[in-house]
Amino acid sequence: MDEPTRPEHENGAAEQPFSCPECNRTVGHANVLTGDFSFEDVTPMSSGPDGLPEFKETGLRDGPQKAIELRCDYCGAEFTLGVETDA
């Protein structure tokens, strides 16, 4: 019997890629253990006073508690990346 295939985002690694929803290219990575994000081929559209990308509170009870607006460097699509903080 063949082993079941697992999607790349469920490969068990701490570092998980995320993609642009429009062109489907990988544009960054999230570390699920530390909560750190790296933006490689995407431009954050919101930043803090220090100039670093900043996640903003969403005010949602169900769904992501924080989110950041991004623009894909490949296709120019703007999208929101949300994260749940379990707070």
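Per chain, residues are indexed from 1 in the order of the written sequence. Totals for whole chains, interfaces and linings use all residues, but because this is a predicted model, local features are given only for residues with pLDDT of at least 70 and pairs of side-chain atoms are given and counted only at 80 or more. Here the side-chain values reflect all heavy atoms present in the structure, with hydrogen atoms and water set aside.

Here a helix means four or more residues in a row that DSSP labels H or I, a strand means two or more in a row labelled E, and each is numbered from the N terminus. A count of helices and strands for the protein chain gives zero helices and seven strands. Walking the protein chain from its N terminus toward its C terminus, one meets helices and strands in the order β-β-β-β-β-β-β. Throughout, exposure labels follow a simple rule: accessible area from a 1.4 Å probe, protein chains only, divided by the maximum for the residue type, with under 20% read as buried, over 50% as exposed, and the rest as partly exposed. With 87 residues in all, the protein chain has 22% of them scored as buried. We call two residues contacting when some pair of their heavy atoms lies within 4.5 Å. Restricting the contact set of the protein chain to residue pairs at least 6 apart, pairs at least 24 apart contribute 30%.

Whenever a carboxyl oxygen of Asp or Glu lies within 4 Å of a side-chain nitrogen of Lys or Arg, that contact is scored as a salt bridge. If you walk through the whole model with that rule in mind, you get three salt bridges. For E57, the salt bridge is made with K66, and the minimal N-O distance between the two is 3.6 Å. We classify E57 as exposed; its relative accessible area is 60%. The salt bridge partner of R71 is E78, with a shortest N-O separation of 3.9 Å.

Turning our attention to the nonpolar core. Put simply, buried Ala, Val, Leu, Ile, Met, Phe, Trp, Tyr and Cys residues joined by side-chain atoms within 4.5 Å make one nonpolar core. By size, the foremost hydrophobic cluster in this structure holds ten residues: F18, C20, V27, V42, I68, L70, C72, A77, F79 and L81. When contributions to this core are tallied by element, the ones reaching two or more residues are β6 (66-72) and β7 (78-83). Setting aside chain neighbours within four positions, we find I68 in contact with F39, P44, S46, P53, E54, F55, F79, T80 and L81.

What the three strands build is an open sheet, ordered β1-β2-β3; its pairing is antiparallel. Each edge of the sheet is formed by a strand with only one pairing partner; in this case those strands are β1 (15-19) and β3 (37-39). Strand-to-strand twist of the sheet, defined as the mean angle between neighbouring strand axes without regard to direction, takes the value 25°. Here, a strand pair is defined by DSSP locating no fewer than two bridges between the strands. Sheet analysis places strand β2 (residues 26-31) next to β3, joined by three bridges and oriented antiparallel. Counterpart to A30 in the pairing with β3 is F37. Lines fitted to C-alpha atoms define the axes, with helix axes restricted to the stretch in contact, and inter-axis angles between N-to-C directions lie between 0 and 180 degrees.

Taken together, the five bridges between β1 and β2 define a ladder with antiparallel strand orientation. Paired with Q16 across the strands is A30, a residue of β2. Count of turn residues in the β1/β2 antiparallel hairpin: six residues, of which N24 carries a positive phi of about 65°. Between β2 and β3, which pair antiparallel one after the other, the connecting turn spans five residues, and G35 there sits at a positive phi close to 80°.

Moving on, we get to the packing of aromatic side chains. Stacked, edge-to-face and tilted are the three classes for Phe, Tyr and Trp ring pairs, Trp counted by its six-membered ring, which pair at centre distances within 6.5 Å; planes under 30 degrees apart are stacked, over 60 edge-to-face, the rest tilted. In total, this model carries four aromatic pairs according to the counting rule given. Consider the rings of F18 and F39, whose centres lie 6.1 Å apart with planes at 75°: the pair is edge-to-face. Pair noted here: F18 is in strand β1 and F39 is in strand β3, with a separation of 21 residues, a long-range link. Judged by relative accessible area, which is 10%, F18 ranks as buried. Seen from their ring centres, F37 and F55 are 4.9 Å apart, and the 45° between their planes marks the pair as tilted.

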